[in-house]
Amino acid sequence: MKSRPWLVIPVVAGFLAVGCQSAHTQSSQQPQVIVVPPGDAAPSTDTGAPAAGDSTPPMKAPAAVPQTGPSRLSYNSCNVDGQYIALTFDDGPHATLTPKLLDILKEKGVKATFFVLGQCVEANPEVLQRAAAEGHEIGNHSYDHKAFTKAGGAGVASEVNQTSEAIEKLTGKKPATVRPPYGSTNTSITKRLNEEFGLKVVMWDVDPLDWKNRNSAHVTSEILKNTKAGSIVLSHDIHPTTVAAMPDVIDGLLAKGFKFVTVSELIAMDRPKPTPTPAAPKPSRK
Ligand SMILES: [Zn+2]
């Protein structure tokens, strides 16, 4: 099977104030460019927190990074036996909405993954500690939601290290995964995140665009429509409409037979996709 080329998709995303701190909303819109790896569903923008500075410059299409098997450096979804999926929530912890979500997850018996911002961890340390204590995975989502592709080498290190240190200080555990803000990365940054910082790069294959569609019914239907075995579902625990959608999302996914695991658990189940064999020619009738 021919592999699809990398696609570079320009999109326009709205940016909002950081959920954990100020309540004001910025109305500016900035163009974003994201890179879609071959062989996976297209990630769209991961927004919900402000971008510092100007618009993200277009990224070069990265060279191929292994996309299957244990040597993968980044994951949009996993190839698993069974109906396992991972729910992921970005841009918190939020002072009030994350605890509401934790109540829902606890009631439903669901484990999820939180990709947190270092500055929100510092603002809401007890919320982070509760999430970790209740068995959820804590992943790194930068310190202040700066795009890694424009942070510079030292900037990426600072964004990653400040956040991992804040998480480890509060939970006693270093994060094992990172989600670049806006899904904005490239081959060299992805390799560096793995090799220098020991972090698997986690993208997504299901995106209800909950930062844009502030409608719980829409968020629910998008997730239920697009989730498949091995999916990594992106949403944000800083929007009331997203948190309000989660009881129906979880009930709907359970009804379809899905089982919830953390992102690292899903990655541990990932196995190489079988190489498709060409169909045997049909014998001609005589
Ligand atoms: Zn984000």
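Structure's up top.
One structure accompanies this document, and this report is about it. (Residues numbered from 1 in each chain as written. Predicted model: local features only at pLDDT ≥ 70, side-chain atom pairs only at ≥ 80, totals over all residues.)

So, the overall build of the protein chain
This is how it is decided: In this text, helices come from DSSP runs of H or I with a minimum length of four residues, and strands from runs of E with a minimum of two, each type numbered from the N-terminal end. Whether two residues are in contact depends on their C-beta atoms, placed from the backbone: they are in contact if these lie within 7 Å.
Counting secondary structure elements, the protein chain contains eight helices and ten strands. When contacts within the protein chain are restricted to residue pairs at least 6 apart in sequence, long-range pairs at least 24 apart make up 79% of them.

Concerning the environment of Ser-184
Locating Ser-184 in the fold gives a position in the loop between strand 7 (177-178) and helix 5 (187-195). Taking the C-alpha atoms as reference points, Ser-184 and Phe-148, 36 residues apart in sequence, are found 6.4 Å from one another.

Remarks on helix 1 (residues 97-108)
Counted only if it meets this: Helix span is expected to be 1.5 Å times the residue number reduced by one. The burial label depends on the number of other C-beta atoms within 10 Å of a residue's C-beta. Counts of 20 or more mean buried, 12 or fewer mean exposed, and intermediate counts mean partly exposed, with C-beta atoms placed from the backbone. Note that the arc is defined by the directions from the helix axis to the C-beta atoms.
Over its twelve residues, helix 1 extends 17 Å from the first C-alpha to the last, a length consistent with the 16 Å expected when each residue adds 1.5 Å. Leu-97, Thr-98, Leu-101, Leu-102 and Leu-105 are the residues of helix 1 that are buried. What you see down the axis of helix 1 is that its buried residues fit within an arc of 135 degrees, all on one side. The exposed residues of helix 1 that point more than 90 degrees off its buried face are Asp-103 and Glu-107. A positive backbone phi angle near 70 degrees is found at Gly-109, which sits one or two residues after helix 1.

A word on the nonpolar core
Heads up, the rule is: When buried Ala, Val, Leu, Ile, Met, Phe, Trp, Tyr and Cys residues are joined through C-beta atoms within 7 Å, the set is termed a nonpolar core.
Among the nonpolar cores identified, the biggest contains 58 residues, and Ala-86, Val-116, Ile-232, Val-233 and Leu-266 are the most heavily contacted of them. If we ignore the near neighbours within four places in the chain, the residues touching Val-233 are Ile-85, Ala-86, Leu-87, Thr-88, Trp-204, Val-206, Ile-223 and Thr-227.

Topic: the pairing of strand 9 (residues 232-236)
To keep things clear, this is the line we draw: When DSSP locates at least two bridges between a pair of strands, those strands are taken to pair.
Most of strand 9 sits inside the fold, with five of its five residues counted as buried. The two faces of strand 9 match: Ile-232, Leu-234 and His-236 on one face and Val-233 and Ser-235 on the other face are all buried. Where strand 4 (residues 84-90) and strand 9 come together, five bridges link them in parallel fashion. Counterpart to Ala-86 in the pairing with strand 9 is Ile-232.

Let's talk about the packing of helix 1 against helix 7 (residues 240-255)
The description of two helices packed together rests on the angle between their axes and the distance between the axes. The condition is simple: A fitted line through C-alpha atoms serves as each axis, taken over the contacting stretch for helices, and the angle formed by two N-to-C directions is quoted from 0 to 180°. What sets the label is the angle itself: under 35 degrees gives roughly parallel, over 145 gives roughly antiparallel, 65 to 115 gives roughly perpendicular, and the rest give oblique.
The N-to-C vectors of helix 1 and helix 7 enclose an angle of 5 degrees; their axes lie 9 Å apart at closest approach. With respect to each other, helix 1 and helix 7 are oriented roughly parallel. Side by side, helix 1 and helix 7 meet where Leu-97, Lys-100, Leu-101, Ile-104 and Lys-108 of the first sit next to Pro-240, Val-243, Met-246, Pro-247 and Ile-250 of the second.

What to know about the pairing of strand 6 (residues 137-140)
Here strand 6 shows two buried faces, one formed by Glu-137 and Gly-139 and the other by Ile-138 and Asn-140. Note that strand 5 (residues 113-116) and strand 6 share four bridges and pair parallel. By the bridge assignment, Thr-113 is partnered in strand 6 with Glu-137.

Considerations on unusual backbone geometry
Of the consecutive residues Gly-92 and Pro-93, the connecting peptide bond is found in the cis state with omega at 0 degrees. Mapped onto the secondary structure, Pro-93 falls in the loop between strand 4 and helix 1. Although it is not a glycine, Tyr-182 adopts a positive phi angle of roughly 65 degrees. With respect to the helices and strands, the residue Tyr-182 is situated in the loop between strand 7 and helix 5. Taking the number of C-beta atoms within 10 Å as the measure of exposure, Tyr-182 has 28 and is therefore buried. Of note in this structure, Leu-209 is not a glycine but carries a positive phi near 50 degrees. Secondary-structure assignment places Leu-209 in the loop between strand 8 (200-202) and helix 6 (216-226).

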